[in-house]
Amino acid sequence: MDVLEARSRFKELQRKGGPVDPSELDTIWTVLATVRPEDILGEWQGGEFRTGHPLDGTLAEAGWYGKTFAAVQDAKPLICRDAAGGLYSNRELGKGEASLWTVEFRGEATATMIYDGRPVLDHFKRVDDTTLMGIMNAKGVPAEGPFFYFFLERVPEAPREGPPRDARAGEGS
């Protein structure tokens, strides 16, 4: 499988929403490019792959929206929606927040989010310019898993309202 096939299959599985074989996700993972923590800063909306993992559906029940990486040392792993639809960082569920590091996983160094209050690591690889694949790993999980597989889609930055004031000063005069 080359990277174009991996991206295509990833998108199919993402749309499918039903059960996914973890070995197929592992095959895709091996082809994808690693990322640096600095390259993934920003806001991300997330979703999960249903693989039969014990955590399947747990994040949806908590109202999980995604993750925010404000800075390498300021990562918010559990951005959730409240009853009114507003977004907040669920520090209680995550037992704090997190930070981004470069960590070796499966023989490759890639951006990894390390939770402050849980022995949990989320490893990331690039699917394309706006999509990341994630594998949640935790202390005590054997090298072969089971792992929790998820994805993140970059939230577009809000457009600015017109050009900066200085740029308009010389127009039409």
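Remember, predicted model here, so these are calculated numbers, not experimental data.

Caption draft 1: Local environment of the overall build of the chain. Tallying secondary structure elements over the chain gives five helices and ten strands in all. For the chain, the C-alpha atoms occupy an extent of roughly 70 × 40 × 30 Å along the three principal directions. Contacts in the chain between residues at least 24 apart in sequence constitute 50% of all its contacts with a sequence separation of at least 6. On the chain, roughly 9,600 Å² of surface is accessible, and the fraction owed to carbon and sulfur atoms is 52%. For the chain, the separation between the mean place of its 21 positive charges and that of its 28 negative charges on side chains is 2 Å.

Caption draft 2: Here's a closer look at helix H2 (residues 22-31). Inspection of H2 places Leu 25, Ile 28 and Trp 29 among the buried residues, and these make up the whole buried set. The buried residues of H2 all sit within an arc of 105° when viewed along its axis, so they share a single face. Considering only its buried residues, H2 is in contact with helix H1 (3-16), strand S6 (98-105), strand S7 (108-115), strand S8 (120-128), strand S9 (131-138) and strand S10 (148-154).

Caption draft 3: Expanded view of the nonpolar core. Membership of the largest hydrophobic core comes to 21 residues, with the highest contact counts inside it found for Ile 40, Phe 69, Met 113, Phe 124, Leu 132, Phe 150 and Leu 152. Breaking this core down by element, the ones donating at least two residues are strand S3 (64-71), strand S4 (74-81), S6, S7, S8, S9 and S10. Once residues lying within four places of it in the same chain are set aside, the contact partners of Ile 40 are Val 35, Phe 69, Leu 100, Ala 111, Phe 124, Leu 132 and Arg 154. Ranked by size, the runner-up nonpolar core spans 16 residues in total, among them Leu 13, Leu 25, Phe 49 and Val 127.

Rules and cut-offs
- Residues numbered from 1 in each chain as written.
- Predicted model: local features only at pLDDT ≥ 70, side-chain atom pairs only at ≥ 80, totals over all residues.
- Heavy atoms only, no water.
- Helix = DSSP H or I, 4+ residues; strand = E, 2+ residues; numbered from the N terminus.
- Contact = heavy atoms within 4.5 Å.
- Areas by Shrake-Rupley, 256 points an atom, 1.4 Å probe, with all protein chains shown as cover.
- Lys, Arg positive; Asp, Glu negative; His and termini not counted.
- Charge placed at Lys NZ, Arg CZ, Asp CG, Glu CD.
- Buried < 20%, exposed > 50% of the residue type's maximum accessible area, 1.4 Å probe, protein only.
- Arc of directions from axis to C-beta.
- Core = buried A, V, L, I, M, F, W, Y, C linked by side-chain atoms within 4.5 Å.

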